[in-house]
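Chain residues, written in single-letter form:
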Amino acid sequence: MPGFEFFGAEERKEVNDVLETGILMRYGFDAMRNNQWKAKELEKAIQDTFQVQHAQLTSSGTTALSTAMAVMGVGYGDEVIMPTFTFVASFEAIIAAGAIPVLVDVDETLCLDPKAVEAAITPKTKMVMPVHMCGSMAQMDELMAICEKHDLLLLEDACQAIGGSFNGQKLGTIGHGGTFSFDFVKTITCGEGGAFLTNNKEFYTHADHYTDHGHDHIGTDRGAESHPFLGYNFRISELHAAVGLAQIRKLDSILATQRKHNAIIKAALQKVEGISFRHIPDPQGDNASFLSFFLPTEDLARAAHKALLSNGLGGNFYWYDNNWHYIKKWDHLKNATSLFPLNPALVDAIKNTDFNAFQQSDKIIGRTISSLINLNWTEEQAHERAEKMAQTIASVL
Ligand SMILES: *Cc1c(COP(=O)(O)O)cnc(C)c1O
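It should be emphasised that the depicted structure is a prediction, and the values quoted were computed from it without experimental measurement.

Peer 1: I keep staring at the site of the ligand and nothing clicks. Help me out?
Peer 2: In the vicinity of the ligand lie 13 residues, with Gly-61, Thr-62, Ser-181, Asp-183 and Lys-186 positioned nearest. The side chain of Asp-157 places a nitrogen or oxygen atom 2.7 Å from a nitrogen atom of the ligand. Calculation on the ligand without its partners gives an accessible area of 380 Å², and the protein chains cover 95% of this total. Residue composition of the shell around the ligand, grouped by class: 4 nonpolar, 6 polar and 3 charged.

Below is the structure:
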């Protein structure tokens, strides 16, 4: 997954262009910036690379989600359906909008189970937010059909699936909106950064204003701008955008390397009886940043994970015990622990949620190991690792 493994002279050149002008701000200072507009250039590159009409850069993937909530009109009292297996940013953005996260089970795609989504819809549901976890996709055709049937918005969290696709369409561009993260460990990185993608012109225009305090960006003199509505500062800096610009040009080679190394690991694990693999609705569209597989039971998955780590095979994740990615350890959410008073409807909804009811997710995530695919391995190293992983897991089965 991490594009930082491919850092080189290209990133340094782009950053240097910005440092030479001294203009680190993405807006204004027209006369002083020597025509350097890295953020604008990166937005254009995102549109071209992912075939989407509009892209708005943000300071992070989390603020891209918050931007999406704002421009798609999700707020106080609305319910947003999200998966039990994701990154904490999903519920953070929903709660920050004043809305209510409604958690539902994942299936063997490790993404939202469409049946569980349909069962969770209430008159307050406004949005469904599938998260394309670990590089691969949710069942977008079924989820889009559910959203159309019930007149709901669909926001794709594609923060971990940059470059992936479903039936030929890039992940993050299929729903009404999508988000990317360019944090340090993502497929391409800016250090910190994110993007909101949409084909809806109004969502985009609002995102352009919202992420810069509601400034309407009309004219060249910032002082003359007006503020049609409330906003926030979710801007990316020119320095961060410069890194992203060098990185996006490497996306094809990053994906090709990930896919090659992923296939090597998979071929070795396929020979181990007892290992099965995550269901990928469109295997060709996997961005291949991880290889996710199942062991027959939770005990065996724990034993396999422990054995992998003690054999020096880091980069293998057992999400079930991880307090960033799985519901079981989200105590701050379950207890609604907040530094400030929360929307009372949200607190009620959390109190009324049975956090032990996600048996289907527990059964799946409890048996899952995800293996991070590195870019800097040589082919020989990938084969060695693959064999060592296969032997290690076979030894506990
Ligand atoms: C990384 C990530 C985010 C948040 O992105 P940041 O840039 O770290 O704020 C959101 N959702 C998912 C699924 C992520 O993996």
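Peer 1: Hey, could you run me through unusual backbone geometry in this one?
Peer 2: With the exception of glycine, most residues fall at negative phi, and the peptide bonds are largely trans. Of note in this structure, Asn-34 is not a glycine but carries a positive phi near 50°. Inspection of the secondary structure assignment puts Asn-34 in the loop between α1 (9–21) and α2 (38–50). The residue Asn-35 is not glycine, and still its phi comes out positive at about 60°. Examined against the element boundaries, Asn-35 turns out to sit in the loop between α1 and α2.

Peer 1: Sorry, what's going on with the nonpolar core here?
Peer 2: The nonpolar side chains of soluble globular proteins are, as a tendency, buried together. Core analysis: the biggest nonpolar cluster contains 114 residues, and Ile-46, Leu-269 and Phe-293 have the highest contact counts within it. Element by element, the count of residues in this core is highest for helix α9 (residues 251–269), at 7 residues. If near-sequence neighbours (up to four positions away) are discounted, Leu-269 is found in contact with Ile-275, Phe-277, Leu-291, Phe-293, Ala-386, Met-389, Ala-390 and Ile-393.

Peer 1: Would you explain the domain arrangement of the protein in this entry?
Peer 2: Where interface size is given, it is often the accessible area lost as the parts come together that is meant. The domain architecture assigned to the protein consists of domain 1 (3–250) and domain 2 (252–396). Distance between the C-alpha centres of domain 1 and domain 2: 24 Å. Across the contact, 47 residues belong to domain 1 and 48 residues belong to domain 2. Across the domain 1/domain 2 interface, buried area totals approximately 3,700 Å², and carbon plus sulfur atoms make up 62% of it. For the pair domain 1 and domain 2, the interface holds 1 salt bridge. Linking Glu-108 and Arg-367 is a salt bridge whose minimum nitrogen-to-oxygen distance equals 3.4 Å. The interface formed by domain 1 and domain 2 holds 24 residue pairs in polar contact (both at pLDDT 80 or more) in total. By residue number, the principal contributor to the side of domain 1 that touches domain 2 is strand β3 (residues 100–104), which donates 4 residues.

Peer 1: Would you take a moment to explain the pattern of salt bridges for this structure?
Peer 2: Where charged atoms from two side chains of opposite charge approach closely, those side chains can pair. All told, the structure shown has 19 salt bridges when counted by the stated rule. With its nearest N and O atoms 3.2 Å apart, the salt bridge here joins Lys-186 to Asp-183. Note on accessibility: Lys-186 and Asp-183 belong to one class, buried. A cluster of three or more residues bridged by salt bridges with shared partners is formed by Lys-13, Glu-14, Asp-17, Lys-38, Glu-41 and Arg-249.

Rules of the game
- The written sequence of each chain sets the order in which its residues are numbered from 1.
- Local features in this predicted model are restricted to residues whose pLDDT is 70 or higher, and side-chain atom pairs enter the listing and the counts only when it is 80 or higher, whereas totals over whole chains, interfaces and linings include all residues.
- As a rule here, side-chain values come from all non-hydrogen atoms in the structure, and water together with hydrogens is ignored.
- We call a residue near a molecule or strand when any one of its heavy atoms sits within 4 Å of it.
- What qualifies as a polar contact is a pair of N or O atoms within 3.5 Å, subject to a donor-acceptor requirement within protein and to the restriction that residues adjacent in sequence count only when both atoms come from side chains.
- We get accessible surface area from the Shrake-Rupley algorithm with a probe of 1.4 Å; when it comes to residues, only the shown protein chains can shield them.
- Each residue is assigned to one class: nonpolar for Ala, Val, Leu, Ile, Met, Phe, Trp, Tyr, Cys and Pro, charged for Asp, Glu, Lys and Arg, and polar for all the others, Gly among them.
- The helix count covers DSSP runs of H or I at least four residues long, the strand count covers runs of E at least two residues long, and both are numbered beginning at the N terminus.
- Remark: nonpolar core denotes a set of buried residues (Ala, Val, Leu, Ile, Met, Phe, Trp, Tyr, Cys) joined through side-chain atoms within 4.5 Å.
- Exposed residues in this analysis have more than 50% of their type's maximum accessible area, buried residues have under 20%, and partly exposed residues fall in between, with area computed by a 1.4 Å probe over protein chains only.
- Here, two residues are considered to be in contact whenever any of their heavy atoms come within 4.5 Å of each other.
- Where each domain begins and ends follows an automated or database-derived domain assignment.
- Buried area: the sum, over both parts, of the accessible surface (1.4 Å probe) that disappears when the two are put together.
- The working definition used for a salt bridge is a side-chain nitrogen of Lys or Arg within 4 Å of a carboxyl oxygen of Asp or Glu.

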